[in-house]
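# Remarks on the overall topology
Here is what each chain is made of, one letter per residue.
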Amino acid sequence: MDTSKYKALYLQEADEHLSGIEKGLLGLEKGEDNPSPVENLFRHYHSIKGMSASMGYENISRLSHAQEDLLDRVRSKRLKLSSAMLTALFKCTDALKELIKRVEEDKPLTYDVDPLIGEIKGLIEGRAPAPQNVPAPAAELKLSQTMKVDVKIFDGLLATAGDLFMTLSSFKTLTQGNRSIAVKDSLHTLGRSINALYDNIISARMLPIKDLTEGLPRVVRDISSDTGKTVDLKVEGAEISVDRAILENLASPLVHMIRNAVDHGIEPPGKRAEANKPSVGTITINAYIKKNRVIIEVSDDGGGIDREKVIARAIGMGVPAERIRAMSDEDVLMLVCTPGLSVKEEVTEISGRGVGMDVVKSAVEAFGGGLRIESEKGLGTKVIMELPRTSSIVKALLVTAGNELFLLPASRIEQVLEAKNAELAGGTFKYGGRDIPLISLDKALGIKENSAKDVYTIVIVEDGVKAESAVNIENSAAIKVDDFKDEIDAYIKPLLPPISKLWGVSGITVMADGRPVFLLDVRQIISRALKRVSL
């Protein structure tokens, strides 16, 4: 029988069962003694066994059967669950992962499961079999590559929707002077249809954050075991959905942050006792929505970041001391994102090589996000990522600086107003009874200025990465532009090397007339402006 047409469904269900197995084993390891975890585990193994036998994957079926036999005796009280059994079940689960990965990659299933099956049989018979060494899986998070519709199809559909949005904007511009009700109704209907198409495509691409975080408890377990620490992981807001493309790019940053939290942040049990802290450290992942962005916070209750050590390491790497003295507390903490900077005294397999937070920062910023760090010595550290919920198409305002056209993301705009040239002297602008940084866009981007005007357009923008409690001067700025035009739905493409290194922009779109237009990076622009004001 040709089973190839059932492979996608098999992989999808196998991933779900493996996720359930890991959650169940972790629950049993924590001492959950009610029958539900054992019953659920038994069902997962039984399902994998049956599915694999039907597909002809003999090794997977045999290994699942052996684990099922062990769980059957535990649930019927013929055997008492031991730590040795849990260790063996974890190793067998890693082997199942490897085998199913080979199925996904069309590789031969030449994995010898007999030693593992022998270890399980020894535990069932009350013997102490020689433990089998199974290579531990890499500490990584991975989303299933199997969907009912290939991801590339959705990428193509999204690109097509982006082209339609830009064409619609062009039609609106061309028909601005047309008073025909029929034309306006047609454009409205077309716009509504394109929006519906886009919403449906995005909905199909959205995945809950839990699809990524479900693999984290095992990562925490393995890393904390290696460091001799006991760490608990809490996840809040995991039901929030994010574009699959963004979630995939978040996998590596999350693993880096978990590594840092366990190895750098959480103290050893002895030090925690001296600080009157619980012996078990806690890492919390909290996700929530702010406007049309998702905020993901990764915090720990460890020892916090030693600022003096960070400063010393930064100076040792060549950062001028006078520059550091002029930095705000937040800027000092962000020095840990300097490539190669590590405050870890010794190099381990987990961390200490000076890689980690620079990777996190680069990855988050690569898809239009922002990152900041909060830390209090002795109390812990919080890394805050602000991310778009969807990629590619954003509402943006067209603005001009000199003879150039740019896009400002609408989600960052508080207000658009006009100001006389005489009101724009100095480096600040009076807004809402407060002084905020004033940035001339042409000067900031090195664009040749037009001749002076009597009246300029001022766009008040905010940096959503800043804390809710921060004073206003820390999260808002006034950008001076020559003029503003329409608000459009723009299909934003990522910047590729070498233009990916350009300062002040985070993406690019192509207008209907063929003109390339950059999307401005408000976070970078405000950050530079604030540093100029503070100096």
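Before reading on, note that the structure itself is shown above.
In this report, we go over the structure that sits alongside the text. (Residues numbered from 1 in each chain as written. Predicted model: local features only at pLDDT ≥ 70, side-chain atom pairs only at ≥ 80, totals over all residues. Heavy atoms only, no water.)

## Focus: the overall build of the chain
Helices and strands together make up the secondary structure of the chain, namely 17 helices and 17 strands. Every one of the 535 residues in the chain was classed for burial, and the buried ones make up 47%. Taking the intrachain contacts of the chain between residues at least 6 apart in sequence as the baseline, contacts between residues at least 24 apart amount to 70%. Here the chain has roughly 26700 Å² of accessible surface; of this, 52% comes from carbon and sulfur atoms. (Helix = DSSP H or I, 4+ residues; strand = E, 2+ residues; numbered from the N terminus. Buried < 20%, exposed > 50% of the residue type's maximum accessible area, 1.4 Å probe, protein only. Contact = heavy atoms within 4.5 Å. Areas by Shrake-Rupley, 256 points an atom, 1.4 Å probe, with all protein chains shown as cover.)

## Details of the packing of aromatic side chains
Enumeration over the complete set of coordinates arrives at 1 aromatic pair. An angle of 70° between the planes, with centres 5.1 Å apart, marks the rings of Tyr10 and Tyr57 as edge-to-face. Remark: Tyr57 occurs in the loop between helix H2 (35-55) and helix H3 (58-75) and Tyr10 occurs in helix H1 (residues 7-29); sequence separation between them is 47 residues. The exposure classification of Tyr10 matches that of Tyr57, with both residues buried. Taking the ring centre of Phe42 as reference, the NZ or CZ of Arg75 above it sits at 3.7 Å. Geometry around Tyr456 places Lys480 over its ring, the cationic atom sitting 4.4 Å from the centre. (Phe/Tyr/Trp six-rings, centres within 6.5 Å; stacked < 30°, edge-to-face > 60°. Lys NZ or Arg CZ within 6 Å of the ring centre and 35° of its normal.)

## With respect to a nonpolar patch on the surface
Nonpolar side chains collect at one region of the surface, where Phe171, Leu174 and Leu190 lie side by side and expose about 300 Å² of accessible area between them. Structurally, Phe171 is set in helix H6 (residues 151-174). Among the residues examined, Phe171 registers a relative accessible area of 40% and is labelled partly exposed. (Patch = residues over 30% accessible without salt bridge, like charges linked within 9 Å, V, L, I, M, F, W, Y side chains within 5 Å. Salt bridge = Lys/Arg side-chain N within 4 Å of Asp/Glu carboxyl O.)

## Things to note about the sheet that holds strand S15 (residues 483-491)
The mixed open sheet is built from 5 strands, whose spatial order is S15-S8-S9-S17-S16. Each edge of the open sheet carries a strand with a single partner, namely S15 and strand S16 (505-510). With direction set aside, neighbouring strand axes in the sheet form an average angle of 35°. In this structure, strand S8 (residues 393-401) lies alongside S15, joined through 7 bridges in antiparallel fashion. Residue pairing across strands places Val399 opposite Phe484, the latter belonging to S15. (Pairing = 2+ DSSP bridges. Axes fitted to C-alpha atoms, helices over the stretch in contact; angles between N-to-C directions.)

## Let's talk about unusual backbone geometry
The phi dihedral of Lys77 falls on the positive side, at around 70°, and the residue is not glycine. By relative accessible area, Lys77 is classed as exposed at 73%. The phi torsion at Asn276 lies on the positive side, around 55°, for a residue other than glycine. Within the secondary structure, Asn276 is located in the loop between helix H11 (269-274) and strand S4 (281-290).

## Some remarks on the side chain of Lys480
Mapping Lys480 onto the fold places it in strand S14 (residues 476-481). Residue contacts for Lys480: discarding those within four places in its chain leaves Leu424, Leu438, Ile439, Ser440, Leu441, Tyr456, Thr457 and Ile458.

## As for the packing of H1 against helix H4 (residues 83-104)
Contact pair H1 / H4: the axes reach a minimum separation of 11 Å and the direction vectors enclose 165°. Between H1 and H4, the interaxial angle falls into the category roughly antiparallel. In terms of crossing hand, the pair formed by H1 and H4 is left-handed. When H1 is examined against H4, the residues Lys7, Tyr10, Leu11, Ala14, Leu18, Ile21, Glu22, Leu25, Leu26, Leu28 and Glu29 are found in contact with a partner set consisting of Leu86, Leu89, Phe90, Thr93, Leu96, Lys97, Ile100, Val103 and Glu104. When grouped by side-chain class, the residues that make up the contact of H1 with H4 number 14 nonpolar, 1 polar and 5 charged. (Parallel < 35°, antiparallel > 145°, perpendicular 65-115°, else oblique. Left-handed = near helix turned anticlockwise from the far one by under 90°. Nonpolar A, V, L, I, M, F, W, Y, C, P; charged D, E, K, R; others polar.)

## A word on the sheet that holds S4
Overall, mixed pairing links the 5 strands, which are arranged S2-S4-S5-S7-S6 in an open sheet. For this open sheet the edge positions go to strand S2 (231-236) and strand S6 (370-376), each flanked by a neighbour on one side alone. Pairs of neighbouring strands in the sheet enclose a mean axial angle of 15°, with direction left out of account. Pairing geometry for S4 and strand S5 (residues 293-300), over 8 bridges, is antiparallel. In the strand pairing of S5, Tyr288 is matched with Ile295. Packing of helix H9 (residues 216-227) onto the sheet brings it into contact with S2 and S4, and relative to S2 it is tilted by some 160°.

## Structural notes on the nonpolar core
Counting residues in each nonpolar core, the largest one holds 51 residues, and the members touching the most others are Leu250, Leu254, Ile258, Ile296, Met357, Leu371 and Ile373. Here the element with the most residues in this core is helix H10 (residues 244-265); it accounts for 10 residues. For Ile373, the residues in contact, after removing those within four places along its chain, are Ile305, Leu333, Met334, Val336, Cys337, Met357, Thr381, Lys382 and Val383. (Core = buried A, V, L, I, M, F, W, Y, C linked by side-chain atoms within 4.5 Å.)

## A few points about H9
Between the first and last C-alpha of H9 there are 17 Å, a value that for 12 residues agrees with the 16 Å anticipated at 1.5 Å per step. Among the residues making up H9, those that are buried are Leu216, Arg218, Val219, Val220, Ile223 and Ser224. Here the buried face of H9 lies against H1, H4, helix H8 (210-213), S2, H10 and S4. Count one or two residues on from H9 and you reach Gly228, which has phi positive near 75°. (Expected span 1.5 Å × (residues − 1).)

Geometric descriptors of this kind do not, in isolation, establish any biological role.
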